[in-house]
Structures are given as structure tokens and as C-alpha cells.
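# Residue-level structural notes
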Amino acid sequence: MKINRITFLLLVFLSFCSLLNAQKQQKPNFVIVLADDISANTLGCYGSPNPNTSPNIDQLASEGIKFTNMFVSQAICAPARAELMTGLMPVKNGCSINHAATKKGTLSIVQHLEKLGYRVGLTGKRHFKPKSVYPYEFIDGFTQSVGFRGPAPEDWSGVKEFVTRNPNQPFCLLICSVNAHAPWDAGDSSLWNAEELILPDNLVDTDVTRKYFREYLAEVRAFDEQVGKARNLIKDNGLEKNTAMIVLDENGTGMPGGKWTTYDWGVRSACVMKWPKSYNQKLETNAIAQYCDILPTLIDAAGGKVPTNLDGKSLMPIINKKTNTHREYAFFLYNSGSEGPEYASRAVTDGKFKLIWNLTPDNLYAVRVINGFDYGYVDKKMPDRDVRQIYLSWLEKAGYNETASNLVQRYKKRPEFELYNLNEDPYELNNLANQPEYATRITELKTAIQDWMKQQEDQLGFQNKI
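All of these numbers come straight from a predicted model, not from anything done at the bench. (Residues numbered from 1 in each chain as written. Predicted model: local features only at pLDDT ≥ 70, side-chain atom pairs only at ≥ 80, totals over all residues. Heavy atoms only, no water.)

To continue, consider the packing of aromatic side chains. Throughout the structure, instances matching the rule amount to 23 aromatic pairs. One aromatic cluster is present, built from ring pairs that chain together Tyr334, Tyr343, Tyr365, Tyr391, Trp394 and Tyr411. Stacked on the ring of tyrosine 46, the Lys or Arg lysine 66 has its end atom at 5.1 Å from the ring centre. Here arginine 410 stacks its cationic end above the ring of tyrosine 263, 4.4 Å away from the centre of that ring. (Phe/Tyr/Trp six-rings, centres within 6.5 Å; stacked < 30°, edge-to-face > 60°. Lys NZ or Arg CZ within 6 Å of the ring centre and 35° of its normal.)

What follows is the structure in C-alpha cells.
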């Protein structure tokens, strides 16, 4: 009898250990909430001087992990999403101009995580192709397009069904908002007085700029409310203990100096994560990271082996506090493509200094030049396109105001090299490239760009400068 009792107790103990081990090895769920055209410093936790923009994201950041040096390689919607979803930078994945397709045969987050037993779903804005690369389970409830006026529809029932469908299978869900992509006509703009707004230093202060910046803030707040709803959905359905939530703001706002550039206001991204208790709970890190690092992080956290052909590297060593560094540099590119006349630039930052190498400095920078305007375009769906109205007000003020004229000229006519100290000059208004004391720094950063272009097999870079 004693032997039987001991055997029984041993079996109970082994079963208990097995259960603990299974719980320990349980794969986390992933919920990524992705904004559309929001500059990081519009959020409170990233230093917004205007209040009321992001209470939910701020709360998440205070409890979780905040990356202060997360960057998107190309500040345009389609390339940004392709980089995030493939772990490859724009030239490598094939989407290095807006609306371009990812190379057929490329593996995305869907295939990588399905191999590890996940179901992978997406709701909301897409802006990626082809379907063979991105075979998501598409979930109804959020609008897929920004080409309309009025607040975007929102129905969370499909999302709830997806996350609660099978508690025995891990999931990855991307909630892709259209906030705060222009037109800015959603959210509650009464939270701000246009005359009291503190505008970024790289914007020309006009009544039109203030009007639309206020409406833009309202859409940022609308995105923040979606983040709050997503978090409540996770909590209310008992998923918080094993779900990692990642909030990203995509590329910068669609105003001059943000989206469509390699300036910091376009490429610096907010990245806030909240991991289950078995991971690190609270951290603010200035480690340099890029969007291509997100997918390897998910693969690593799910117990998979990160493919060596990816440009991205897992952030788990940062998250688990095994290291406080990640990359020496972050790299950026801009190709005009369908967005305007030929213009290309490449850039790099070491976290303090940023070197921008304009590969076509003889060309004026412009976006979709039509009907004589050098910024914006006449859109058949939105002839009063917000960003166009902003820039036209700049041009008018530039005719009689020196500050406005300087900002316009800085934007449309750029030298071959621009060097900025991001710590002292976050809006990149004081070009240091012609100062002799920075010659060594320029050489170092220029070499880094050349090496990166070669590694990426950047044919446009070869064509113009190598």
C-alpha cells in the first residue's frame, strides 16, 4: 500500500509539474493596434505640448514598455506596413514606393505565425498587396479605406468573436485604424482651442494650419479611444494574462515635414507595448529599433526561430532586460514614385545625429504637382484636400513673412546633405552639414548609408550616388 501511495503521489507531482511547464510554455497572443499617419510627439507620453491627445496610450506606456527610438524605414503608408508585416526593409521586400506590391513569394507575419500554430487576423485598413503574401483572415467591423468624408464606422463584434473563438489556439490580431489619416473630420475637436494650440516648429503658423491641426488632434484622440476599447476587450474576456498588446502610430502625420520625408517628424514612431506578467512589465528604452524588428520579436516570443534572411532582429533581449542596446543605426529612405516628380533621399541616425543624403538635390521636392501647385494635388474625391489647403496658406504667408518663407524654402529646395543634432534640434531646422567641425561625423554617417544601400541592393542608390 505504501508503494502505491508513493507512486500515486509521484504521479500527482509529475502531473502538477507538467501542468506548470505547459502554462509556462503557453504561447502569448498578440494584439497590434496600428494608427495611420500620427507623429509620435503628438501623444502625451511622447511629449505632446497639447493636452488630451492620448490618455489611454499614456496609461499603457506608464504600465508597460515605451520605445523612444523606434523608427519606420519609409514614412509612407504602404512601405511602412510592408516592413512591419514582413520583417524586411522596403527595398528588400519590394515595396519602396507608395502603392507598390511586396515581392511575390515573400513570407509575412501570417505565414510565419501560422507555422507556429497561430491564427492571424486583420481588421481595418489594408494598403498592402498581393494577397498571396498577406493571406490574413479578414475581419469585418472597421473601414478599409481613407477615401471618404466623415467618421469611420466601427463594429467590435467581429474582433470579439476572433479573439474568443478558440482558447486553445494562440492568435495574432492587427487592428488597423484609419485615424489620423486626412481628411481630418472625426473625433471631438472641441477639446482644443485653435488659437491656443502649440504648433510644431516646422509648421508655418497660419489660421488654416491651426484649423486642421486641431482636427488632426481630434483624430489622434479617436485613435487613442480605439486603443482603450481594444485593451478593455482583452481585459473583459480574460485574455490579459497571456496577451501582448503593441501600439504603433505608423509614419508621421500627412503634413509638410512629416509623411513623405526622411525627417524625424515622419520616421520616428511611437511604440508602446504591454506584455503578460511573465515578461518585463515596465521599461522606457532609448535602444534604436525599426519596424522590421517587430515581426522577429513576435516569432521569438512565440518560441520560433527567427529566419536569418530578415532585416529585423528580435527585441526580446531588450524587453527581458538582458541588454539595453539593439542597433547602432536606424536607416531611412524616400522615393517619390507616384507621389510626385523624381525625388529620392536616404538617411541615417545614430540616435543623436541624423544625416540626410538627398540623392536628387537639383530637383525641387514636391508631392503630386498638378495645376501649378508644388504640394498637394486636386483629388477628384476630395478636391479640398486638407494638406493642400495647409500648404497653400503657407505659400501665401511666405510672400510677406520671412519665417514662413524660410520654412517653405527649406521644405521644397534641399541641399545634398543635411545634418542635424536631434537632441538639440528635434524639428531639424538648423543644418550643420556645412560646419567644418562635423566633417568626420558626416563621413561616418555617409559611409553607413552607402554600406546599407549596398546591403539592401538599392538600385536607385547605385544609380544616383554609388
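Overall, the coordinates contain 18 salt bridges when judged by the stated rule. As a salt-bridge pair, aspartate 350 and arginine 441 come within 3.0 Å of each other at their nearest N and O atoms. Here arginine 441 lies in helix H13 (residues 439-456) and aspartate 350 lies in the loop between strand E11 (344-349) and strand E12 (353-358), a separation of 91 residues in the sequence. Classification of aspartate 350 by relative accessible area gives partly exposed; the value is 22%. The partly exposed category is assigned to arginine 441, whose relative accessible area is 28%. What you see here is one network of salt bridges that share partners, running through Asp36, Arg81, Lys125 and Glu250. (Salt bridge = Lys/Arg side-chain N within 4 Å of Asp/Glu carboxyl O. Helix = DSSP H or I, 4+ residues; strand = E, 2+ residues; numbered from the N terminus. Buried < 20%, exposed > 50% of the residue type's maximum accessible area, 1.4 Å probe, protein only.)

Looking along a regular strand, one sees the side chains alternate between the two faces of the sheet. Of all six residues making up E11, six are buried, and the element is well covered by its neighbours. Here E11 shows two buried faces, one formed by Ala344, Arg346 and Val348 and the other by Ser345, Ala347 and Thr349. Where E11 folds back on E12, the antiparallel hairpin that results is connected by three residues, among which glycine 351 adopts a positive phi of roughly 100°. (Pairing = 2+ DSSP bridges.)

Attention now moves to the nonpolar core. Of all hydrophobic cores here, the largest spans 62 residues; its most connected members are Phe30, Ile109, Leu113, Tyr136, Met273 and Trp275. When residues no more than four places from it in sequence are discounted, the contact partners of methionine 273 are Gly64, Ile65, Phe67, Met245, Ile246, Ile294, Leu315 and Ile319. Counting residues in hydrophobic clusters, the runner-up holds 60 residues, among them Phe142, Ile234, Tyr365 and Tyr427. (Core = buried A, V, L, I, M, F, W, Y, C linked by side-chain atoms within 4.5 Å. Contact = heavy atoms within 4.5 Å.)

Per-residue confidence for the protein chain gives a mean pLDDT of 89, with 88% of residues at or over 70. Confidence over residues 12-24 falls short of pLDDT 50; this stretch has zero contacts with residues more than four positions distant or in other chains. Note on residues 369-383: pLDDT under 50 across the span, and 34 contacts to partners over four residues away in sequence or across chains. (pLDDT = per-residue confidence, 0-100.)

Looking now at the sheet that holds strand E10 (residues 330-335). Strand order in the open sheet formed by four strands is E10-E11-E12-E13, with antiparallel pairing between adjacent strands. Taken across any chain shown, the strands that pair with only one partner, and hence form the sheet edges, are E10 and strand E13 (417-421). If you compare each strand with its neighbour and ignore which way they point, the axes differ by 15° on average. Across five bridges, E12 lies against E13 in antiparallel orientation. Directly across from lysine 354, in E13, lies its bridge partner tyrosine 420. Here H13 sits on the sheet in contact with E10, E11, E12 and E13, set at roughly 60° to E12. (Axes fitted to C-alpha atoms, helices over the stretch in contact; angles between N-to-C directions.)

Helical periodicity: at 3.6 residues per turn, an α-helix aligns residues three or four positions apart in one direction. Within helix H9 (residues 294-301), seven of the eight residues are buried, which leaves the element mostly enclosed by the surrounding structure. The set of residues buried in H9 consists of Ile294, Leu295, Pro296, Thr297, Leu298, Ile299 and Ala301. Downstream of H9 by one or two residues, glycine 303 has phi in the positive range, about 90°.

Between helix H7 (residues 207-236) and helix H11 (residues 386-398), the least distance of the axes is 8 Å, while the angle of their chain directions is 155°. Taken together, the axes of H7 and H11 are roughly antiparallel relative to one another. Two packed elements cross with a definite hand, and for H7 against H11 that hand is left-handed. Contacts between H7 and H11 involve Val208, Thr209 and Tyr212 from the former and Asp386, Gln389, Ile390, Ser393 and Trp394 from the latter. (Parallel < 35°, antiparallel > 145°, perpendicular 65-115°, else oblique. Left-handed = near helix turned anticlockwise from the far one by under 90°.)

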